[in-house]
Amino acid sequence: MNKPKTSFAPPRGMRDFYPADMRQRNLVFDAWRGAALAYGFEPYDACVVESLDLLQRKSGEEVAEQIYHFEDKSGRRLALRPEMTPTLARMIAARQGALKFPLKWFTLAQCFRYERMTRGRKREHYQWNLDIVGEAALSAELEILAAAVAALKAMGLTDKIYNIHVNNRALLAELLAKSGISENHHAAVFLALDKRGKTGDDEIKALLEKEGLPAQAITETFNLLAVESLEQAAELAGPESPAIAALKELFELAEIYGISANLRFDISVIRGLAYYTGIVFEAFDAKRQFRAIFGGGRYDNLLTAVGGAPTPAVGLGFGDVVIMEIINEYQSATEADKRNGVIVGYMFPEQRCSAMRLADSLRSQRCNVDLMLTALKPKQFFTRAGNSSAAEAVFIGPDDVERGFAYRKDLATRHQREIALSGRT
Ligand code: HAM
């Protein structure tokens, strides 16, 4: 007979967040939220359960194969969202007449993908989504990229740590067309090429053959990926190329934002999602130890695909898993573990009322206070304070109440200053 299970771990690939983990997570979430608000984005949200039909797309995308799905008791085909963009498109299409464009929206969405687990890849992650919908100008790409850089800065990551690799799917489309590959093959070619690095070239060739590409076209497609600079790409695309003009404009405007040093043209950035139509980008750590920090791009046709009117759009998804690893690798623990608030304790039950009054007064001044629930010995209290997330500690003994003040001690510097106690005990 099987013994009953008495202990449970979270399902594989899913995380628990204990308070110490939450402190780290909040550092990232605060940086995301702060940057989104600083760049004029408004928050939105939706349920993590979506209809499977919306999320499943046709062309063999990896994400579509990784969806966690189920039937509800009425037989509806539902899923845990693997990304937020289809939901965003659905929400906008549903109110297109009433909304004022361009929209600048952000969310912090938990997403689920049944992935093969590697470093930086889990089966559940949080994703900061930042999208501008209803704007065709490249200013939208710039605002999104600059906001992402601002978030990285707020996490204490300098621009030496990462690079943003930029490409334009329209450039690839122009170059494929020059190689005689018709437009109806482009989406499949993009998705096949995006598998490079994860899948062997032979397998990618087989995918392209299956798509009906002749051997010559397959060789030319692979040759495109050997292009190393924007100048070389411009030579191939010709002087009239709108895709090259867009990339050049993007790099010029990036100088004004002070983010050009981190931008690199990289023809191998294609993106694994079918809906992108223009500029695409992915950020990586400079040593290329981790998978992408964030990724996104322009997707001008998605709204029509979900029943909306044609609407240009651009956005990014920035996950919490890789960035947490990078913060741990590059940042000192003290920076990552920001303390705040005051822990208040007392020595004997007679000082309880003074401690409660002090906590009440500090809380009314919008200070976070962790008030001890019973009397503690000084050693017990200060051990607890050291292990807490508080920045300061106040410990009240009988003498303090008599004197009318106690000491407020900075737990990092050990520096202390007086704090008044109210007269009554
Ligand atoms: P994505 O490249 O599939 O794009 O995901 C964006 C980011 O989410 C990745 O760069 C990574 O940080 C994180 N991420 C994705 N999958 C996982 C995973 N299994 N474990 C940990 N982190 C992960 C999108 O999802 C697009 N919807 C982004 C977008 C928004 N494009 C336009 N607007």
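On a predicted model such as this, the values are computed, not experimentally measured, just so you know.

Chemist: Help me out: how do you make sense of the environment of A109 in this one?
Modeler: The topology assignment puts A109 in strand β5 (residues 103–112). Judged by its relative accessible area of 0%, A109 is buried. The spatial distance from the C-alpha of A109 to the C-alpha of V280 is 21 Å, given a sequence separation of 171 residues. Apart from the residues lying within four places of it in its own chain, the contact partners of A109 are R81, M84, H125, Y126 and Q127.

Chemist: Whenever I open this one, the site of the ligand confuses me. Can you help?
Modeler: Within the structure, the ligand sits among 25 residues, and E83, T85, E115, K122 and Y276 are positioned closest to it. One of the side-chain N or O atoms of Y275 is found 2.9 Å from a nitrogen atom in the ligand. For the ligand, the protein covers 97% of the area, taking 660 Å² as the surface of the free molecule. Where the shell around the ligand is concerned, the elements lending two or more residues are β6 (124–133), β10 (294–298) and β11 (313–319).

Chemist: Sorry, what's going on with the sheet that holds strand β13 (residues 369–371) here?
Modeler: Strand pairing in a sheet relies on backbone hydrogen bonds. The paired strands run either parallel or antiparallel. Read from one edge of the open sheet, five strands run β13-β12-β14-β15-β16, paired in mixed fashion. Bordering the open sheet on either side are β13 and β16 (416–420), each of which pairs with just one other strand. Across the sheet, the axes of successive neighbouring strands diverge by a mean angle of 25 degrees, strand direction being ignored. Relative to strand β15 (residues 405–410), strand β14 (residues 392–396) runs antiparallel, the two sharing three bridges.

Chemist: Please clarify how unusual backbone geometry should be interpreted in this entry.
Modeler: What you tend to see is this: most non-glycine residues have negative phi, and most peptide bonds are trans. The peptide bond linking F101 to P102 adopts the cis configuration, its omega dihedral lying at -5 degrees. Along the polypeptide, P102 turns up in the loop between α4 (85–94) and β5. Unusually for a residue other than glycine, R366 sits at a positive phi of about 65 degrees. Within the secondary structure layout, R366 lies in the loop between α15 (352–364) and β13. What makes R366 exposed here is its relative accessible area of 77%. In the Ramachandran plot, R414 falls in the positive-phi region, its phi being about 70 degrees despite a non-glycine side chain. Position of R414 relative to the elements: it lies in the loop between β15 and β16.

Chemist: Explain helix α6 (residues 169–178) here, please?
Modeler: The α-helix advances 3.6 residues per turn, and as a result positions three or four apart in sequence lie on the same side. Those residues of α6 lying buried are R169, L171, L172, L175 and L176. One side of α6 holds all its buried residues, which, seen down the axis, span an arc of 150 degrees. Capping of α6 at its N-terminal end is provided by N168; its side-chain oxygen lies 3.0 Å from the backbone amide nitrogen of A170. Two residues or fewer past α6, G180 is found with a positive phi of approximately 85 degrees.

Chemist: Please clarify how the domain arrangement of the protein should be interpreted in this entry.
Modeler: One frequent convention defines the size of an interface as the accessible area lost when the parts assemble. As assigned here, the protein comprises domain 1 (19–330) and domain 2 (339–420). Distance from the C-alpha centre of domain 1 to the C-alpha centre of domain 2: 48 Å.

Chemist: Help me understand the side chain of T107, please; the structure alone is not making it clear to me.
Modeler: In this structure, T107 sits in strand β5. Accessibility expressed as a relative area gives 3% for T107, which makes it buried. In this structure the side chain of T107 is engaged in a polar contact, spanning 2.7 Å, whose partner is the backbone oxygen of Y44. Once residues within four sequence positions are removed from consideration, T107 is found in contact with Y44, D45, M84, Q127, W128 and N129.

Chemist: Looking at this structure, how should I read helix α9 (residues 215–224)?
Modeler: Among the residues of α9, those classed as buried are A217, I218, T221, F222 and L224. For α9, the arc enclosing every buried residue in end-on projection is 150 degrees, short of the 170-degree limit, so these residues lie on one face. Pointing more than 90 degrees away from the buried face of α9 are the exposed residues A215 and Q216.

Chemist: What's the story with the sheet that holds strand β3 (residues 68–71) in this structure? I'm lost.
Modeler: In space, the three strands of this open sheet follow the order β2-β4-β3, with antiparallel pairing throughout. Each having just a single partner strand, β2 (49–51) and β3 make up the two edges of the open sheet. This sheet shows a mean twist of 35 degrees between the axes of neighbouring strands, independent of strand direction. Sheet topology places β3 next to strand β4 (residues 77–80); four bridges connect them, and they run antiparallel. Paired with E71 across the two strands is R77, which belongs to β4.

Chemist: Would you explain the environment of S260 in this entry?
Modeler: Here S260 shows up in the loop between α11 (242–257) and β8 (263–265). Since its relative accessible area comes to 23%, S260 is described here as partly exposed. In this structure the C-alpha to C-alpha distance between S260 and I164, which are 96 residues apart in sequence, comes to 9.3 Å. Aside from chain neighbours lying at most four places away, what touches S260 is F251, A254 and E255.

Conventions used here
- Residues numbered from 1 in each chain as written.
- Predicted model: local features only at pLDDT ≥ 70, side-chain atom pairs only at ≥ 80, totals over all residues.
- Heavy atoms only, no water.
- Helix = DSSP H or I, 4+ residues; strand = E, 2+ residues; numbered from the N terminus.
- Buried < 20%, exposed > 50% of the residue type's maximum accessible area, 1.4 Å probe, protein only.
- Contact = heavy atoms within 4.5 Å.
- Near = heavy atom within 4 Å.
- Polar contact = N/O pair within 3.5 Å; in protein donor to acceptor, adjacent residues only side chain to side chain.
- Areas by Shrake-Rupley, 256 points an atom, 1.4 Å probe, with all protein chains shown as cover.
- Pairing = 2+ DSSP bridges.
- Axes fitted to C-alpha atoms, helices over the stretch in contact; angles between N-to-C directions.
- Arc of directions from axis to C-beta.
- Domains from an automatic or database assignment.

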